[in-house]
Each structure stands twice: as C-alpha cells, then as structure tokens.
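Structural features, examined
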Amino acid sequence: MEIGIGVWAFVVYLAVVIVWNAVVKRSITEAMLLGFLVAAAFGGIDNYITTVVEAFCAAATDEIFVATMMFVFMSAIMTKTGIIGELIEILNSLVGRLRGGPGYVAVLASGMLGLVSGNSTANAATVGTITIPWLVKTGWPRELAATLTAGNAGSGQSFPASSAMFLMLGMAEVAALVTIDTFYVAMLTAGLWCVAYRLLVVRFYVGRNHIQATPQDQILPLGESLKKNWPALMMFVSIIVPLVLTLSPLAGVLESIPSFGEDGVGSISIVVWVPILMSIIAIIEGWKRLPHSVSGWIGLLKETQSNFLGVGGVFLFAIAGSSALSSIGFGDDLSALLAALDLPKVVMVFIVGALVALVGGPLGGVATTMATGLVAFTALVGVGCSPVAALAAFLIWMSTEGASPPSSPPIFVACSLADVKDVGKTFFPLVFHYVIPITILGGLIALGVLPIANA
C-alpha cells in the first residue's frame, strides 16, 4: 500500500510542531511557523517560494483569521466598558447557585446553536463571547474556559441540518442507502450522545478544579439585577441579528429579493458580524468608561498587543500550514489511503475514525467531508456497519474538527476571548478530553454499541 506525499507531509508537519513545542520547549508560534515552512517543502523545492507565498497570503486574508483579530479587539472594548461584568451579574442571578453552572450552560447553548448552524467557529464565537467571561469570573481557569468552548464547538456538525450532512446525503452512493427522513432523527440522537458526554466533561472539570458556586452574598435577586444591568442584555442583539438574517425565515425573504438574493444572504458572516456588532454596542453603552483621546485609544490597543501577536501569530501560521498541505494534495492522498484499507470490522471502524479526526483539524468540516466522506462511508458499510450508523459516525468524527489541534479555528477564537496567550496549553486537554473520546463515541455508534434511531 503506497502512502501519498500529502500524508507524509501531514505526519512530518505534526511531528515538527509537537517536537518544537513540547520537546525543544519553544513557543507554539515558532512551532507553527516551522511546521508550515517544513510542510511547504513537500510541494517541491522548485515550487517552494510559490507555495509559501500563496499559503501565507491565503491565511492573511482568510475570513476566520480576520474575525479572530476582531474578537481580540472586541474583548478589549468589553473589558474596558465593564459590560460583561453587568451581564454576568444577571446570569449569576439565574444559575449562579449551581456549582459549575456556566459550564453546563455553555454545553447546552452550543448544542442548541448547533441545531441551527453547523459552523464550529461561529459556535465557539457566539457562545464563547458570553460564557467565557462568565466562566472566568466564576473561578474557571482561563485555559480551561477556552478548552471547554473549543471542545463544544463541534456540536453543530454532530447535529442534523449541518452543511456536511447535506453534502453527504447529496452523494448518490449515500442517498441510495440513507434518506433525510430516516436520518434526521438518527443524527439527532447521535448528537445527544455527544452532548451527554460533554456534560460529563463539565462535571469532571468542576470536581477536579474545585469549582464552587457563586457565593450567596454575591448573587443579586433576579429583579434587582435586571433593573441595575438591563442595558447589558443589548449584547444579545449582536448575536440575534446575524442569526435572524441568515438562519430564520427572514433569510428566505431576503433571498427572494432580486437586489439581495442568495449571494447577499451568503455574504453575511456570523463570525465576522458578531464581534463588529458587539464592539459597537459596547462602545455606545460604555462610552463614559472608554478613552476620549487618541493617546487613550493607542494605550488601549497596546494593552491587547500581546494577545494580538500571540493568538494572531499562531493562527496565521496554522492556516498557512493547512493551506500548504491542501495544495500538496493531502486530502486526495488520505482518501486513497482509506480506500486501500482492508481490515476486520472493529479495527477498520476505529482506524477510519482516527484518520477522519486527524484530517478534520487542518482541512475543516466541509473540506474533510469532500475529501474523505464517501470513502469513509463506503469503507464502514463494506465491513458490515449500518448505513445510518456509518453516516452518523462519520459526522461525529468530523465534528472533532472544532477541537483538533494544532490548526482548528475555534481553538484560536476561544483563546482570544479567554485572553489565553499560550494557545498550546489547551492542546493536551482538547485531544484527551474531547477529540479521542468523541472519536471513540463515534466508533461505538458505528458498531451499534451506542444505539441511535433507525440504525
């Protein structure tokens, strides 16, 4: 069995990043830069400069990279105005008496958003904007708050109505064996297994880190809290408006207008507009607490400089590395490797799951589906898995892309919101508390050990 150059490039890329960061003890930013430069070499020495330049330019203009920088700025504005503290007072009045309450709310909120949007980066950004400051305020370490948010981000891909689900059901080979009518409820039950697991992770974190309920004397009665802090609720407008414009019936109305159309709706990016609207609302609501001079604003930006350089630098090189791997043909070579496997059922299930989870981080959900979806589905059905269970398992494996280091966008969005400068501190818990367990969970569904409807 011949292994393509793209797969070897990916293996070396991961090895370089891990060794440079964990063994040589250099920064994760350096590790990602070095990994990118090494991976680009697999495209050929003659094409090296072209590969590096094109991958870097693609990363610098990537929508998610731009959005991540906006979130860093937004966090600075919201911290300076104190609006997050006001919102947290209201939230604590609701569930502050429950140990780890914000963690459970974060899991359920990600799951509910996942029912309407399969975008893992938007999930982390939308939910994390509210829950991460709340988690930190109630005693969760910053790295843990970011880990929890990124770990939840894949909820959208493990629930029905995600773009990856429709891509798979649109393939003739899949459509011949699975219909949307039978699969919708099946995928819903599979997604609930993932939510149940994530709730257990929160319980584990609460116990291990001795997270306490908010002290009684720090919790205002709900009525008093709302009267005092009601302007902070305007922050939800910045989340609701993009969701309504893109996911509600209003989106269909806008698409029917010739001057707006599907392209107009499609150009509204949740992950870009949430930080823009939140920054505007925070500036209006907290204007009295913001600088009123040029020098004051320059000072505010200097306060966030390290976060811009830390999170931004790592993410820039992460996207560039992913782009270089794609240009080398990593997706096609991985598909060929999957197609060549001929192993016993249990072994095949978990090897396919591991490969899908590995490729999900650098390629992202849709690209992973296009590159490996049909091959993975065919391989699972070929060894005797139920077609419904096989498709559900693939989508669950692919959903780990939100938590898969080192280049998954939700990780960097979550770290920017949590003001985590060393992104690498989240990698170990993300892999061992989310990626590996959820990959195993997907395998158990494929094998029928964990039941889902219609399988």
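Residues numbered from 1 in each chain as written. Predicted model: local features only at pLDDT ≥ 70, side-chain atom pairs only at ≥ 80, totals over all residues. Heavy atoms only, no water.

1. Points about helix α8 (residues 142-152)
Burial runs high along α8: nine of the 11 residues are buried. Looking only at α8, the buried set comprises Leu 144, Ala 145, Ala 146, Thr 147, Leu 148, Thr 149, Ala 150, Gly 151 and Asn 152. Next to the buried residues of α8 lie α6 (101-114), α7 (120-137), α11 (180-208), α23 (409-418) and α24 (427-446). (Buried < 20%, exposed > 50% of the residue type's maximum accessible area, 1.4 Å probe, protein only. Helix = DSSP H or I, 4+ residues; strand = E, 2+ residues; numbered from the N terminus. Contact = heavy atoms within 4.5 Å.)

2. Side note on the nonpolar core
By size, the foremost hydrophobic cluster in this structure holds 132 residues, and its most contacted members are Trp 140, Phe 183 and Val 352. Not counting chain neighbours up to four residues away, the residues in contact with Val 352 comprise Leu 338, Ala 376, Ala 379, Leu 380 and Trp 397. (Core = buried A, V, L, I, M, F, W, Y, C linked by side-chain atoms within 4.5 Å.)

3. Overview of the packing of aromatic side chains
By the definition in use, this model includes two aromatic pairs. With centroids separated by 5.8 Å and ring planes inclined at 45°, the aromatic side chains of Phe 204 and Tyr 205 adopt a geometry described as tilted. Taken together, a centroid distance of 4.4 Å and an interplanar angle of 35° make the contact between Phe 428 and Phe 432 tilted. In this pair, Phe 428 and Phe 432 are both assigned in helix α24, four residues apart and thus about one turn of the helix distant. (Phe/Tyr/Trp six-rings, centres within 6.5 Å; stacked < 30°, edge-to-face > 60°.)

4. Examining the environment of Leu 169
With respect to the element layout, Leu 169 can be found in helix α9 (residues 163-169). Leu 169 sits 14 residues away from Phe 183 along the chain, and the two C-alpha atoms are 9.3 Å apart. Excluding residues that lie within four positions of it along the chain, Leu 169 makes contacts with Val 174, Ala 175, Val 178, Ile 180, Phe 183 and Leu 391.

Honestly, it's all geometry; don't read function into it.
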